[in-house]
Structure formats: C-alpha cells, structure tokens
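# Summary of the model geometry
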Amino acid sequence: MKARFFYHKCKEVLASLAQAEELFISGKQNTTSILRITMPQIFCQGDFMTMLTRFTKTYPQIKLDITISNDNIDLVQQDIDFAFRGGMLTDSQMQYVKLFKASTMLCAPATWKKDLTASQQLQMITDKLLIPSYVNLSILRTYLQKIGIKKPLNQFTAINDAFSYKNAVLSGMGVGIFLDFFIATELKEQRLWHIKEPYHFEYRTLDFTMIFHKNVKLATSHQVFKSFVSNYFTDS
C-alpha cells in the first residue's frame with residue numbers, strides 16, 4: 001500500500017510539472033512528451049492503427065511507447081498511462097472511456113462450400129473448429145452443447161496468436177471465431193464468409209474501452225490523447 005501511495009504521489013507531482021508543457025505544446029515548440037500505452041494484438045491493424053497514426057501526425061511532439069500484450073498488465077507496476085482492453089473493468093483504481101462494441105462471428109474460408117445442409121454445417125464445425133486464445137471457454141462449451149456438439153474442447157486445435165489464427169482459417173485449416181472488426185477487410189474482400197443460420201454463433205458482444213488511472217491528475221499530453229481517442233471513436 002505504501003508503494004502504491006508513493007507511486008500516486010509521484011505521478012501527481014509529475015502531472016503538475018507536465019502542466020508547464022502546455023505553453024510549449026500550444027506554441028509548437030520542440031518539447032516532447034511520452035505516453036506509454038498497451039493494447040491487445042488484435043488492435044495492431046485497421047482502424048485502430050489508423051487512429052494512432054492520425055494522432056502522431058496531429059501531435060508530433062507527443063511520442064507513443066506502445067506495448068502489445070493480450071495480458072491485463074498492471075498499469076501501476078508497469079507505469080502504463082493508457083490501456084485498451086475488451087471486457088469488464090475490474091480494478092476500482094481505474095476509470096474507463098467506452099470506445100466501441102464488437103461482436104463475435106463464426107466464419108469459414110471462401111474456398112469452402114456455402115450451400116451446406118444443417119447436418120453438413122454441424123459436421124463442419126465439429127470437425128474443423130479452431131479455438132483462439134481469447135475465447136471464453138465456458139461460454140464456447142455452452143454454445144457447442146446448445147447446437148449439439150459434445151466433442152471435448154481439448155480435442156479441437158487451438159492457436160494463441162491472433163494473426164496466425166486468422167491466417168490458419170484463411171488458408172483453409174478450419175472454421176474460426178473472430179471479433180467483427182478484426183476480419184472486416186477479409187469479409188469485404190470475400191475471403192471469409194459468415195456462418196449464420198441454422199447454427200448462428202451467439203457467443204457474445206464485447207465492449208472495448210480505454211483505461212487509465214482514476215486517482216492521478218492527467219497531464220496536458222494525457223488529456224490531449226484521451227480527448228483525441230474519445231472523439232475519434234465517437235465520430236466513427
């Protein structure tokens with residue numbers, strides 16, 4: 001507790017000092033601020049990276065130190081300013097800004113037949129479902145039982161890297177479970193097709209949020225980043 005209290009006090013002092021940077025930032029001086037952020041692997045493409053690129057071009061004096069991790073890194077211990085995550089916020093020391101909601105989809109590669117009977121589709125899922133690392137296994141088990149698949153999860157192939165997982169499905173290794181924004185391009189280019197009825201994948205929706213310290217006064221650069229990210233996804 002003492003270490004955490006000392007950390008917060010130090011952050012408050014640093015935040016106060018950082019307020020002095022505002023004159024330099026608004027005056028287009030060469031003063032540089034560094035923000036440390038962490039985000040999951042599935043954000044390393046598409047719209048999210050476009051957002052970060054626009055931010056760095058708009059505010060070249062604010063540099064980003066980005067850590068890619070699917071783990072819930074402790075923001076205090078690792079001195080992280082902002083974390084982007086999916087799911088519920090469980091740490092009472094943090095606050096969040098909701099960015100967008102994502103849905104899970106069950107998809108097959110374009111090279112596989114679409115005109116399947118119900119029994120053929122069920123067999124395809126039974127034989128060829130690939131499990132990604134981020135999926136909630138208890139909910140997945142419930143879903144499979146609901147549609148009549150009693151095969152144990154340890155008998156399915158599992159892949160713990162998001163991009164390797166997507167490439168495995170695209171290459172025809174199996175059926176994949178995806179968050180909609182992660183495969184938007186592949187669906188648009190018809191490299192994947194969405195498996196719907198009669199076995200619609202009702203896994204869950206997932207809120208993605210930006211998380212930061214509740215009890216630390218944000219410096220100017222932090223406020224700028226927070227506002228930019230919030231406005232970007234609100235406008236989107």
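An account of the accompanying structure is given in this report. This one's a predicted model, so the numbers in the text were calculated from it and none came from an experiment. (Residues numbered from 1 in each chain as written. Predicted model: local features only at pLDDT ≥ 70, side-chain atom pairs only at ≥ 80, totals over all residues. Heavy atoms only, no water.)

### Things to note about the pairing of strand β4 (residues 94–109)
The test is simple: The pairing criterion for strands is at least two bridges between them, as found by DSSP. Strands are runs of DSSP state E lasting at least two residues, helices are runs of H or I lasting at least four, and both sets are numbered from the N terminus onward.
Sheet topology note: the β4/strand β9 (residues 205–213) ladder contains nine bridges and is antiparallel. By the bridge assignment, phenylalanine 100 is partnered in β9 with phenylalanine 208. The pairing of β4 with strand β8 (residues 192–194) spans three bridges and is antiparallel. Bridged to cysteine 107 within β8 is histidine 194.

### A closer look at the pattern of salt bridges
Selection criterion: Between Lys or Arg on one side and Asp or Glu on the other, a salt bridge is scored when a side-chain nitrogen of the former is within 4 Å of a carboxyl oxygen of the latter. Under the scheme applied here, a residue whose accessible area is under 20% of the maximum for its type counts as buried, over 50% as exposed, and between as partly exposed, the area being computed with a 1.4 Å probe on protein chains only.
In this structure the tally under the stated criterion is five salt bridges. For the salt bridge of arginine 36 with aspartate 65, the shortest nitrogen-to-oxygen distance reads 3.4 Å. In this pair, arginine 36 is assigned in strand β1 (residues 33–39) and aspartate 65 in strand β2 (residues 62–68), connecting sequence segments 29 residues apart. Aspartate 65 gets classed as partly exposed once you look at its relative accessible area, which sits at 33%. One network of salt bridges, with partners in common, ties together Lys98, Lys101 and Asp207.

### Section: the packing of aromatic side chains
For clarity, the cut-off: By convention, a stacked pair of Phe, Tyr or Trp rings (six-membered ring in the case of Trp) has centres within 6.5 Å and planes under 30 degrees apart, an edge-to-face pair has planes over 60 apart, and any other such pair is tilted. Two limits define a charge over a ring: the Lys NZ or Arg CZ must be within 6 Å of the ring centre, and within 35 degrees of the ring normal.
Going through the model one piece at a time under the given rule, you end up with 20 aromatic pairs. Seen in terms of ring centroids, phenylalanine 84 and phenylalanine 225 are 6.2 Å apart; in terms of plane orientation they differ by 75°. Their pairing is edge-to-face. Residue phenylalanine 84 is found in strand β3 (residues 82–86), and its partner phenylalanine 225 is found in helix α8 (residues 220–235); the two are separated by 141 residues along the sequence. Accessibility expressed as a relative area gives 1% for phenylalanine 84, which makes it buried. Residue class for phenylalanine 225 comes out buried when judged on its relative accessible area of 0%. Ring geometry for phenylalanine 181 versus phenylalanine 208: centroids 5.4 Å apart, planes at 90°, classification edge-to-face. With phenylalanine 181 in the loop between β7 (176–179) and α7 (184–188) and phenylalanine 208 in strand β9, the pair connects residues that are 27 residues apart, well separated along the chain. Lying over the aromatic face of phenylalanine 156, lysine 151 brings its terminal NZ or CZ to 4.4 Å of the ring centre.

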